[in-house]
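In case you want the letters, here they are:
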Amino acid sequence: MELEAGPGGARRALGLLVEAVLANRGKANSVFDILAVLQSEDQEEIQEAVRACSRLFGALLARGELFVGQLPSEEMVMAGSRGATRKYRVWMRHRYHSCCNRLGELLARSSFRVKELALSTLMKFVKLEGEHPLEKPKWEGNYLFPHQLFKFREYLEHDDIRYHTMQAAADAVARTADGRPEVPLTFWNNAFTLLSSVGLPRQESAPSSFYVKHAELSDKWKVVHLREHRKAFQQMWLGFLKHQLPLRVCKKVLVIMHDSILPHLAQPSLMIDFLARACDVGGAVSLLALNGLFILIHEHNLEYPDFYRKLYGLLDPSVFHVKYRARFFHLADLFLSSSHLPAYLVAAFTKRLARLALTAPPEALLTVLPFICNLLRRHPACRVLMHRPRGPELDADPYDPQEEDPARSRALESSLWELQALQRHYHPEVSKAASAVNQALSEAEVSIAPLLELTAFQIFERDLQKKGPEPVPLEFIPARGLLGRRDDLCAQHFTLS
């Protein structure tokens, strides 16, 4: 079939073909002409062909003119002696499958309009197949959903689509990654993008928003129960996280773990294995994993004895220079917020931070010093560190900075002489912050939130904007000559400009 030039000509020609096929089964072969335009390289012609397929197969689905049941091969049916109506329905359903396969291919085109139109058409077919199923129910009241057609991540606000997205995603990850030694990074990134786009409602209400409409919802269908959604969500993420993920993808998962994954799991404690493995990686990965573990400990009564030992091990000089410094101190403040922590543990963190502060940059010190003071406010038993009279000398400090176990560091026997040293810091704001321990600490804590993102550039700019002191006269009689005297010999030959 040759189309007239321009999108208007293609629209008219394709429209006539659709009307002919729908009006007369004898014109069924015209479907080939419509599907041929889907193979065009012209973007406008493709869009018109997609619209034509949407009208044609949408009407055929609504009329019930496609074969229902396990689809036999086209050659076997055409060669058989069955009736013409059955042959027509089998033949047309094969054309429908060809159309859906081509629409799936169009999702990879560069044109956004083509991709969007192909996706919306496929989702229209999903809805129509749900209302007019192409498979026979296995038993009375069986819940039917077009699994084979549904392969897309849009429309996730609908409960039935979200439920089957989770199942399809779990199956796709298992098929691709199970038993394969190497999986491309692109696959893991794409899989994470899909999984992270699935979110469950926080309200404990039954799912009610269905894309595929049913006259009546059966209580036997798993899709109508939120607990089944949680199980599918959990199975999807556990199947993904059991694999050896690239470090970059692992970080992305841990960033959303506390807010977007753990609250929706049927059994959050099952995440312990993944979080424990991530804890052993070190650096930012360990920190992010501790955030998830902290939630499991406090909200789900999980026991993880090495939690604070892991956090203590993250305290090294690099923590002041990495890009996740703000997140580290925000989380550390959260982890150490309980007033029921033992004094030896808080003393160990306080002493380790004070020791590291000796070599920290000013922008980090303006966060660390208020942080230390807040720890002393929360735990009065640790104030002995700053009130111990004539604390031990430098070479006799009992604190062991090399000890990995905070319980054996002997921090509670030491003193915070480091803060006294920082009172002589070259930057006046640091010196002032370190001097806070010289007076009785206030009851109210100092919020460190505004200080977490402080940078050296901001401190420098802030110092430049400060107004200097008013000029003070140094001499009542201004100097006239080179040596400052009025009538000396040099004043006769040299003057000050």
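Structure: see above.
Being a predicted model, the structure only gives us computed values, none of them experimental.

(A) Summary view of the packing of helix α11 (residues 272-279) against helix α12 (residues 283-300). For the pair α11 and α12, the least separation of the axes is 8 Å and the interaxial angle reads 145 degrees. In this structure, the crossing between α11 and α12 has a hand that is left-handed. Contacts between α11 and α12 pair Ile272, Leu275, Ala278 and Cys279 from the former with Val285, Ser286, Ala289, Leu290, Gly292, Leu293 and Leu296 from the latter. In terms of residue class, the contact of α11 with α12 is made up of nine nonpolar, two polar and no charged.

(B) Structural context of the packing of aromatic side chains. Here the structure, examined in full by the defined rule, presents 16 aromatic pairs. Plain terms: the ring middles of Phe187 and Trp188 are 5.4 Å apart, the flat faces sit at 65 degrees to each other, and that makes the pair edge-to-face. Judged on exposure class, the residue Phe187 and its partner Trp188 are both buried. Centre to centre, the rings of Phe307 and Tyr308 are 5.0 Å apart; their planes meet at 85 degrees, and the pair counts as edge-to-face. Grouping aromatic residues by their ring pairs yields a cluster made of Phe187, Trp188, Phe192, Phe233, Trp237 and Phe240. A cation sits over an aromatic face here: Arg95 above Trp91, 4.9 Å from the ring centre. Positioned above the aromatic ring of Tyr312, the side-chain terminus of Arg352 is 4.1 Å from the ring centre.

(C) Main features of the nonpolar core. Counting 114 residues, the largest nonpolar core has Trp237, Phe240, Val253, Tyr308 and Phe328 as the members making the most contacts within it. Each residue touching Phe328, except ones within four places of it in the same chain, is listed here: Leu287, Leu311, Leu314, Leu315 and Val319. Ranked by size, the runner-up nonpolar core spans 35 residues in total, among them Val21, Leu38, Leu106 and Phe125.

(D) Inspection of unusual backbone geometry at higher detail. The phi torsion at Asn301 lies on the positive side, around 55 degrees, for a residue other than glycine. Within the secondary structure layout, Asn301 lies in the loop between α12 and α13 (307-313). Phi at Arg410 is positive, roughly 60 degrees, even though this residue is not glycine. As for its position among the elements, Arg410 is in the loop between α17 (384-387) and α18 (417-422).

(E) Representation of the environment of Ser30 in the model. Structurally, the position occupied by Ser30 is in helix α2 (residues 30-37). Using a relative accessible area of 14% as the deciding quantity, one classes Ser30 as buried. Residues Ser30 and Val18 lie 12 residues apart in sequence; the distance between their C-alpha atoms is 8.1 Å. Not counting the four nearest positions on each side in its chain, Ser30 is found in contact with Leu17 and Val21.

(F) Examining a nonpolar patch on the surface more closely. A contiguous nonpolar patch, built from Tyr344, Val384 and Leu412 and spanning about 230 Å² of accessible area, is present on the exposed surface. Mapped onto the fold, Leu412 is located in the loop between α17 and α18. When its relative accessible area of 31% is taken as the criterion, Leu412 is described as partly exposed.

(G) Up close: the pattern of salt bridges. Following the criterion strictly, the structure yields 19 salt bridges and no others. Between Glu65 and Arg63 there is a salt bridge, with its nearest N and O atoms 3.5 Å apart. Glu418 is the salt-bridge partner of Arg355, the closest N and O atoms lying 3.0 Å from each other. In this pair, Arg355 sits in helix α15 (residues 343-357) while Glu418 sits in helix α18, placing the two residues 63 residues apart along the sequence. Here the salt bridges do not stand alone but share partners, grouping Lys351, Arg355, Asp397 and Glu418 into one network.

(H) Here's a closer look at α12. Here α12 contains 18 residues, and its C-alpha end-to-end distance of 25 Å stays within 8% of the 26 Å for a straight helix at 1.5 Å per residue. Extensive coverage of α12 is indicated by the burial of 13 of its 18 residues.

(I) Region of interest: the side chain of Arg162. Looking at the element boundaries, Arg162 is found in helix α7 (residues 159-177). Look past the residues within four positions of Arg162 in its chain and what remains in contact with it is Leu156, Glu157, Val198, Gly199, Leu200, Pro201 and His229.

Criteria and thresholds
- Sequence order as written defines the numbering, with residues in each chain counted from 1.
- Local features in a predicted model are, by the rule used here, given only for residues with pLDDT of at least 70; side-chain atom pairs are given and counted only at 80 or more, and totals for whole chains, interfaces and linings are based on all residues.
- With hydrogens and water set aside, each side-chain value is computed from the structure's full complement of heavy atoms.
- Angles here are taken between N-to-C directions and fall from 0 to 180 degrees, while the axes themselves are lines fitted to C-alpha atoms, restricted in helices to the stretch in contact.
- What counts as a helix is a DSSP run of H or I of at least four residues, what counts as a strand is a run of E of at least two, and both are numbered from the N terminus.
- Helix crossings get a hand from a simple test, with the near helix turned counterclockwise from the far one by less than a right angle marking a left-handed crossing and a clockwise turn marking a right-handed one.
- Note on contacts: a residue pair is in contact if any heavy atoms of the two residues lie within 4.5 Å.
- Basically, the charged four are Asp, Glu, Lys and Arg, the nonpolar ten are Ala, Val, Leu, Ile, Met, Phe, Trp, Tyr, Cys and Pro, and anything else, Gly included, counts as polar.
- Side-chain rings of Phe, Tyr and Trp, where Trp is taken by its six-membered ring, are said to pair if the distance between their centres is within 6.5 Å; with planes under 30 degrees apart they count as stacked, over 60 as edge-to-face, and otherwise as tilted.
- Note on classification: 1.4 Å probe, protein chains only; a residue is buried when its accessible area is under 20% of the maximum for its type, exposed when over 50%, partly exposed between these limits.
- Whether a charge sits over a ring comes down to the Lys NZ or Arg CZ being within 6 Å of the ring centre and within 35 degrees of the ring normal.
- In this description, a nonpolar core means a group of buried Ala, Val, Leu, Ile, Met, Phe, Trp, Tyr and Cys residues linked to one another through side-chain atoms lying within 4.5 Å.
- Two joining distances apply to patches: 9 Å for like charges and 5 Å for nonpolar side chains (Val, Leu, Ile, Met, Phe, Trp, Tyr), and every residue must have over 30% relative accessible area and no salt bridge.
- Only the protein chains shown count as covering a residue, and every accessible area follows the Shrake-Rupley method with a 1.4 Å probe.
- Just to be clear on terms, a salt bridge is a Lys or Arg side-chain nitrogen sitting within 4 Å of an Asp or Glu carboxyl oxygen.
- Expected helix span is given by 1.5 Å per residue-to-residue step, counting one fewer step than there are residues.

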